[in-house]
Amino acid sequence: QIRFEGIDFSLAPFPTRARSIGAAIENLGVDAFGGSGTLFATAFLTNCIRQADIPHTGFSGVMLPILEDSVLASRVEEGCFGLNDLLLYSAVCGTGLDTVPIPGNTSSEEMAAIFVDMASLAIALGKPLTARLMPMPGLAVGEKVSFDFEYFASSRVLPVKNLGAQRLFQRGSFFTASSQP
């Protein structure tokens, strides 16, 4: 007596070129993921997924997990895109920021500001978005990230602006974050 509600029909990559969403986007004609046309290709694939004649649940869109996709990880190493580009792609993809390696010394204020930006996109677009930022202890921007884990590709630490929004979270600001239930 279990009712089928649907499936999350997201294109989830694996760190091989044959299962890379970055490679799929490049195969559509984008020279390198992160270049002009990436937003279009991401939106196109997400729209194709959402038009499939099956019951959908969950995100049902393109996932862009940096460390779980060998082509995305390589394009980070080449400097083809940054964190703000990923925020832009989140507007048309399925899940938001996923397995993004950032410097280990990224301030909590900077991460909070990134989360607020992601939440703002989710609210404005009326869709769930996530942010799995991965501070890499002891590593700085551009340093190599490697794992002894078959589900992660090697890459480099992405830069964050470290400009944050500290005043946004200060007492007396028009916006307050509270830990109260």
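Computed from a prediction, not measured in an experiment: that's the story for all the values here.

Trainee: Sorry, what's going on with a nonpolar patch on the surface here?
Mentor: Taken together, the side chains of F4, I7, F9 and I54 present a nonpolar region at the surface, about 360 Å² in accessible area. Residue classification places F4 among the exposed positions, given a relative accessible area of 57%.

Trainee: Is there a simple way to think about the nonpolar core in this case?
Mentor: Core analysis: the biggest nonpolar cluster contains 29 residues, and I25, L64, L86, L97, V100 and L133 have the highest contact counts within it. Counting residues per element, the ones that place at least two in this core are α1 (21-27), α2 (38-51), α3 (70-77), α4 (83-90), β1 (96-103) and α5 (108-125). Not counting the four nearest positions on each side in its chain, L86 is found in contact with I66, F81, L97, V100 and L158.

Trainee: Is there a simple way to think about the layout of surface pockets in this case?
Mentor: Taking a probe equal in size to a water molecule and rolling it over the atoms shows the remaining empty space. A volume near 210 Å³ is recorded for the largest pocket. For the largest pocket, the lining is made up of 13 residues, of which N84, E110, I114, D117 and K161 are closest to its centre. Contributions of two or more residues to the lining of the largest pocket are made by α4 and α5. At four residues, α5 tops the list of elements feeding residues into the lining of the largest pocket. Within the lining of the largest pocket, the residues separate by chemical class into seven nonpolar, three polar and three charged.

Trainee: How do you make sense of unusual backbone geometry when you look at a structure like this?
Mentor: Across residues other than glycine, the phi torsion is negative in most instances, and most of the peptide bonds are trans. You will see that S60, though not glycine, has its phi angle at about 45°, which is positive. Here S60 is to be found in the loop between α2 and α3. Judged by its relative accessible area of 2%, S60 falls in the buried class. For T99, which is not a glycine, the phi torsion comes out positive at approximately 45°. Considering the arrangement of structural elements, one finds T99 in strand β1.

Trainee: Help me understand the state of the cysteines in this model?
Mentor: Using the criterion set out here, one finds zero disulfides in the structure. Looking at the unpaired C48, the closest cysteine sulfur is the one in C93, lying at 15 Å. Taking relative accessible area as the criterion, C93 reaches 1% and is therefore assigned buried.

Trainee: So what exactly am I meant to see when it comes to α4 here?
Mentor: Counting along an α-helix, one turn takes 3.6 residues, and residues three or four places apart therefore face a common direction. Listing the buried residues of α4 in full gives L83, L86, L87, Y89 and S90. All buried residues of α4 project into a common sector of 165° when viewed along the axis, lining one side. For α4, the secondary structure elements touched by its buried residues are α2, β1, α5 and β2 (130-136).

Conventions used here
- Residues numbered from 1 in each chain as written.
- Predicted model: local features only at pLDDT ≥ 70, side-chain atom pairs only at ≥ 80, totals over all residues.
- Heavy atoms only, no water.
- Patch = residues over 30% accessible without salt bridge, like charges linked within 9 Å, V, L, I, M, F, W, Y side chains within 5 Å.
- Areas by Shrake-Rupley, 256 points an atom, 1.4 Å probe, with all protein chains shown as cover.
- Salt bridge = Lys/Arg side-chain N within 4 Å of Asp/Glu carboxyl O.
- Buried < 20%, exposed > 50% of the residue type's maximum accessible area, 1.4 Å probe, protein only.
- Core = buried A, V, L, I, M, F, W, Y, C linked by side-chain atoms within 4.5 Å.
- Helix = DSSP H or I, 4+ residues; strand = E, 2+ residues; numbered from the N terminus.
- Contact = heavy atoms within 4.5 Å.
- 1 Å grid on protein atoms, 1.4 Å probe; cavity = no way out; pocket = protein on both sides within 12 Å on 5 of 7 lines; lining within 4 Å.
- Points joined across faces, edges and corners; volume = space filled by probe spheres on them.
- Nonpolar A, V, L, I, M, F, W, Y, C, P; charged D, E, K, R; others polar.
- Disulfide = S-S within 2.5 Å.
- Arc of directions from axis to C-beta.

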